[in-house]
Each structure stands twice: as C-alpha cells, then as structure tokens.
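Examining the three-dimensional arrangement
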Amino acid sequence: MTPDLECDALTKRFGAALAVDDVSFSVPPGSFFSILGPSGCGKTTIMRMIAGFLAPSGGDIRIKGRSVLDVPPNKRPVNMVFQHLALFPMMNIADNIGYGLRRKGLPRAEITRKVGEVLERIGLPDIATRKVEELSGGQKQRVAIARCMVLEPDVLLLDEPLGALDLKLREHMKIELKALQAAFDTTFVYITHDQSEALVMSDQIAVMNAGRFEQVGTAQELYYRPETAFVAGFVGDSNRWSGRVETASGGTLGLRTEGGLLMQATAHGRPLATGDRAEIYVRPEAIRLARQDADLAQFDNRLSGRVTSLLFNGAASRILVQSDQGGPEIEVTLPQSGEFADLGRGDAVHIGWSGAQSNCFARTGAA
Amino acid sequence: MQAHARLGFILLLTPLLLWLSLLIIIPHIDMALLSLRERVGVAQYETSPANYLTFFGEPLYLRTFMRTAVMSILATAITLLIAFPVSFYIAKIARGRVQSALFLLCLVPFWVSELVRTFGWMILLRETGVISSLLQYLGIASGPVEMLYNDAAMMVGLVYTSMLFMVVPLVTTLQSLDDAVIEAGYDLGGSGPSVLREIIIPHATPGIVAGSIVVFMLSLGNYLTPTMLGGKDSLWFTQLIYSQFIVRFNWELGAAFGFMLLILSSVIVWAMLRLTGQTLEKTMG
C-alpha cells in the first residue's frame, strides 16, 4: 500500500544552521503519526515544509506517492490545524468551515450540507451561526479540525494544537482527537513537545532532536526500548547513572557507577564491551519498593537506603531514596496500594529492580 | 480616600472639559448664531436663514461645495489604494529593523512644515522645475512642461499630505492579524486575491475606516494644498470660507459656509460608516 505521506532525505538549512537534517519517514494510510521533540528541534520546520510554507533545501515530500515539492500550499492535499488554531475571527462558524469549500467553488447548497454533516460529526450541530469568540477552547479545537476535515485531505497536520488548553481539557481532548482520527479515518501527523500527548494518541512516534530523528516506533517501543540515550531521557522519566562496564557476558552487563554502585543490566543487543563508558537509565516506576530486603529476592539489583523526600503528586507520587552505598538520590514511584501510606522522611527502605528493566548506552563524546 | 479620588477625577477631567467647551462648543455656538444673522442696515441685524439661502441660490458655491466633497473622497480612495500595500509590507513582510526604518520613513516628511513640503512639490512640478527639465533633457518634451495649477497636481499634494494618517491605522490593524490566519487561508485553498478579500480586508476594516475618516476630514478642510497647487478652476470650499471671512469681511456668510462644511463632512462620514457596516465605537475603540 502506498504510504499517505513520505519524506525522503528531507533537509532544511537556514543560512548556516541545519534545522532539519536528512530526515526520512513514511506514514501509512489512516494512522496517527507524531513527531515528538523539544522546542527548536526542527519539528515545526518539517510540518511547514509538508504544508508548503517552506521549501526544503533538499530531499522530497510525496503524498500518496506523488511529489508535492512544486505544488503551492493552497493546492496541496494536506491541511493544517495551527498552534493557535487560526480560526477566521471575521466569519461565523459555518463560514469558517465552509471557507475551503467555497474556494473549491462548490455550489452553495452542497457547502451547507457538508458543513452541517461535519458539525454533526464533531458533535456540535447547533453552532453554525455562532461567532468564533463565543466558543470554548475545546469547541474551537473541534471546529479547527472540522474546517480541515471537510476538505477531505489526504493528510491532516496538527501543530501542537492542545498547547493553549488547560490541563483537564487537554487530557480530554487527547482522547477526543484520537476518536476523531478514527472517525474520519484520515492520516494525522501531529507535532508536539508533550510526550504524554504523543504516547496516548499515536500509532507511531518519531522522537526528534537537533534536526534528526532519534527513533521511530510505537509508544511502547520508545518507552521500554529506547534506542538512544536522548530517547531514554526524553520519553518518560529516568534515574540516570554514568559508569563503566566491568563484565559483559551473554547479554548481561555488570556496571560500576561513578559513585561506586555495582549494577546488573541487560544489554538488549546494544554493542557494549568490558571497559566501555556507559549511561544507565532506570525508570522510577521500574523500581520496586519494600520494607524488607527479603521481599526483593527476585531482583538482581538491590539497594537499601533512606527516604530523603516525599514528592506527593497523587497517582504519580514518588520518593527520593538516598542509598546507603552513596551515589545520587534515586527516584522511586510510590505505590498507592496503601502499604506505604505511613512512609515518612528518614525511614529505612529497600529498593530493587530487574536488570532487564534498565537501558544502557555507550557514552558518546563529552555528553 | 473617596474625596481624594473625586478630586483626582475632577482634576483629570478639567483639561478635557476646558478644551471641549472653550475650543469646540463655545465657538460653534457663536458661529451658529452668527450664521443665522442677516445684516439689514448699518450695525443692524435680524435673525433669518438668508445666509443659507444665499449658499443654495448661488451655483458657484454649490458647485465648489460638491466638487470639494467629490475630490476629497477621490483623494481618500487614492490614498487608501497607495497606503494599503505600503502598510501591508511594513506590517507583515518587513521584519525587525527594516520594519521600524520603513515606518520612520513615512514619518520623516512630517518633520518639515506643510508649507515647505508643498513648495517641494512646486519645485518638482513647475515649468522650470526638476521634472520638466528632465523631460526636456531626455528629449521626451520639446519645450517646458507646466504640471502645476491643475487638479492632478492638487490631488498629488493632497494624497502626499494625508499618507501618514492612512498608514498608521492600517499598520496597527494589520499587525494585529495573526500570520497563521493568513497562512490558514492559503492552506485551505485560498489564492492571493481571495485571502485578501475574505481575510485581510475584513480584518483591516476598522483601520481602513479610521484612516479614511481622518484623511477625508483633512482633505476636506485643507486650505494650503489646493491654494498652492490647484489652478484657477480648482476652487476649494475652504477658499470660499476664507474669502468670506477675510476678503469680503462677510462673517455671517462665512459662518454659514463653515456650518455647511461641518454638515457635509458629518453626512459623508455617517454614510461611509453605514455603507461599510462599521460603527464609530468599533473603529475608534
């Protein structure tokens, strides 16, 4: 099947600066593809090149197999939901949604019918004659998507459209966007710096850093098996140690951190040999908390220490543990099943994790 | 505390009230009374609409009146046509220092007095002026060309004088238009003209209306430019008012003319606002 969107060795230079560096990816039809990266990583540049507002310095963009490089933005079969939505404040909702249809020269009756249909679909059938400023944030969001979807584009681009919403609404819109994507059965390309948006909604996520794709994969792949240290650090939270490989046999590594801790880890196929300098990443939620060391017998990494801080954040509560063997404080997820409800600062605890849950990367350069 | 606040309010309000009453309301009441007075003998006056009847009875007055209105509307339209692309460039295309430099360039001519600026045009356009000499030097014209003292020269002067007052409100409104809205217009299939018609102009309407009102008022009330650049046939209504007050010493008729000009400008501005569906609050707020 031809991918809906293909970028091939896409490159963009601004003067001497390389904003997008040789990026290639393809998005299969009907999927939700996200580009996740910190601000300034070049993700907006990619999106603007796909939409046609920027000309690439090199490479090709194909939509449904056809190169669109010499197609102007108003003729491309892609539409964009802008960061601040860019609804037309001088028009009412029906005119906003009908704008693209009017540009196509459709008869008035058909425009009215299509606008009515799409309003029905986004669950706001009664707002056709309202003004833009009368809508709530979530309604505007849906209208912005409807305004694009009514044109039946091959690809819908979304440029951090949830950024301006408050937290509760953002959580709600994540689910709604995913549902809308399924309902319209259109390819969505979504860019964001918010990993939770990308993880919840996407079929495929590309993690971008400094103009390059670090890794492309499903949310689970990125979370459990990051391919680079950047992905491990950017997606989810991690405890991080620097160290050196002391033993390497059959995919199991023995590492000693700079603080002197000895750790077991699985190589997961990464090329690490004895003597290599390495970065070790362990997620707070991969670490088991216990009151007795005996409870952690099944783990190959075990430490005892004291609680130095309680970071209460509801379901995402954590504690900081200072290991008796020294080294930096370790963040551990606090289970909310009740058994640690009376845990206080200074209490002695035991922590343990499986070496298979950690990710090690060869240390490159000075980083 | 409350007394303090009230005192502050009164103090702040006083200059405005003084300005309104001393410079606008009182002179106009006086002018109104003056215009409704007819001289029946030496130092003998009667209240009558005779001055207004004179105005409507004399074709020259009426023709000049209408001509001034039409020419002012024309000057406003030309100023808008020239200022719109200029403002769009300054507000949306130029960036950073270029933007402020261009804006400043629009302002620079206003550092010299209107009189000197108009003389500048005379130097360019007169028979022995720069353009005439250049045309002769290039062999395009065989003899000296007189470009002054006609309606075209006067129009050039009026547009030039008013340009800044159109550019400033336009740049301000265009700057408030989010670039993404223009991009969305293109993204959804719009072409240059349709984006201009459906998005940019509707957004800029308050600026267009505000600028047009100011330019129209300035043109209508201009005295210097029509006098210096206009010809024998380019009579301007302000010249009639001037001659009644100063030359003929007929203050009564002059006051009536002044009131007619006030009514004319109010009616045209009101009609323009109705036509564009704007209100004064929306435009000025």
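Residues numbered from 1 in each chain as written. Chains lettered and ligands numbered in written order. Predicted model: local features only at pLDDT ≥ 70, side-chain atom pairs only at ≥ 80, totals over all residues.

For clarity, the threshold we go by: UniProt positions are given in the numbering used here, feature names are shortened, and annotations may be inferred rather than shown by experiment.
An unreviewed UniProt entry annotates chain B as Spermidine/putrescine transport system permease protein originating from Roseovarius azorensis. In UniProt, chain B has this text filed under Subcellular location (unreviewed entry): "Cell membrane". Within the UniProt record for chain B, the comment given under Sequence similarities (unreviewed entry) is "Belongs to the binding-protein-dependent transport system permease family. CysTW subfamily."

In the nomenclature of an unreviewed UniProt entry, chain A is known as Spermidine/putrescine transport system ATP-binding protein of Roseovarius azorensis.

Considerations on the UniProt feature "transmembrane region" (unreviewed entry) in chain B
Residue and element names in this part refer to chain B. Using the following cut-off: Strands here mean DSSP runs of E at least two residues long; helices mean DSSP runs of H or I at least four residues long; both are numbered from the N terminus.
Mapped onto the present numbering, the UniProt feature "transmembrane region" (unreviewed entry) falls at residues 7-29, 69-90, 102-124, 152-171, 207-225 and 253-273. Secondary structure across residues 7-29 divides into 100% helix and 0% strand, with the first and last C-alpha atoms of the span separated by 30 Å. With 100% helix and 0% strand, residues 69-90 has end C-alpha atoms that lie 31 Å from one another.

Thoughts on the sheet that holds strand β8 (residues 187-192) of chain A
All names here are of chain A. The criterion, for reference: Two strands pair under a simple rule: DSSP has to find at least two bridges between them. To get an axis, fit a line to the C-alpha atoms, keeping to the stretch in contact for a helix; angles then go from 0 to 180 degrees between the N-to-C directions.
On the basis of which strands lie adjacent, the open sheet formed by six strands has the order β6-β7-β8-β3-β9-β10 and mixed pairing. For this open sheet the edge positions go to β6 (78-81) and β10 (212-217), each flanked by a neighbour on one side alone. Ignoring strand direction, the axes of neighbouring strands in this sheet form an average angle of 20°. As paired strands, strand β3 (residues 32-36) and β8 are joined by five bridges and run parallel to one another.

Topic: the domain arrangement of chain A
Residues and elements named next belong to chain A. For clarity, the threshold we go by: Where a domain begins and ends is set by an automatic assignment or by a domain database. Three categories are distinguished: nonpolar for Ala, Val, Leu, Ile, Met, Phe, Trp, Tyr, Cys and Pro, charged for Asp, Glu, Lys and Arg, and polar for the others, with Gly belonging to the last.
The assigned domain composition of chain A is domain 1 (5-231) and domain 2 (237-362). Averaged C-alpha coordinates put domain 1 and domain 2 at centres separated by 39 Å. Residue composition of the side of domain 1 that touches domain 2, by class: two nonpolar, one polar and one charged.

Some points on the UniProt feature "domain: ABC transporter" (unreviewed entry) in chain A
In this numbering, the UniProt entry assigns the feature "domain: ABC transporter" (unreviewed entry) to residues 5-235 of chain A. End-to-end, the C-alpha atoms of residues 5-235 of chain A are 25 Å apart, and along that stretch the chain is 37% helix and 26% strand.

Some points on the interface of chain B and chain A
Note the cut-off: Each residue is represented by a C-beta atom placed from its backbone, and any two residues with such atoms within 7 Å are regarded as in contact.
Listed by partner, the interface residues are 15 residues for chain B and 17 residues for chain A. Of all the secondary-structure elements, those providing two or more residues to the side of chain B that touches chain A are α8 (179-187) and α9 (192-220) of chain B. The leading source of residues in the side of chain B that touches chain A is α8 of chain B, at six residues. Among the residues forming the side of chain B that touches chain A, the class breakdown is seven nonpolar, five polar and three charged.

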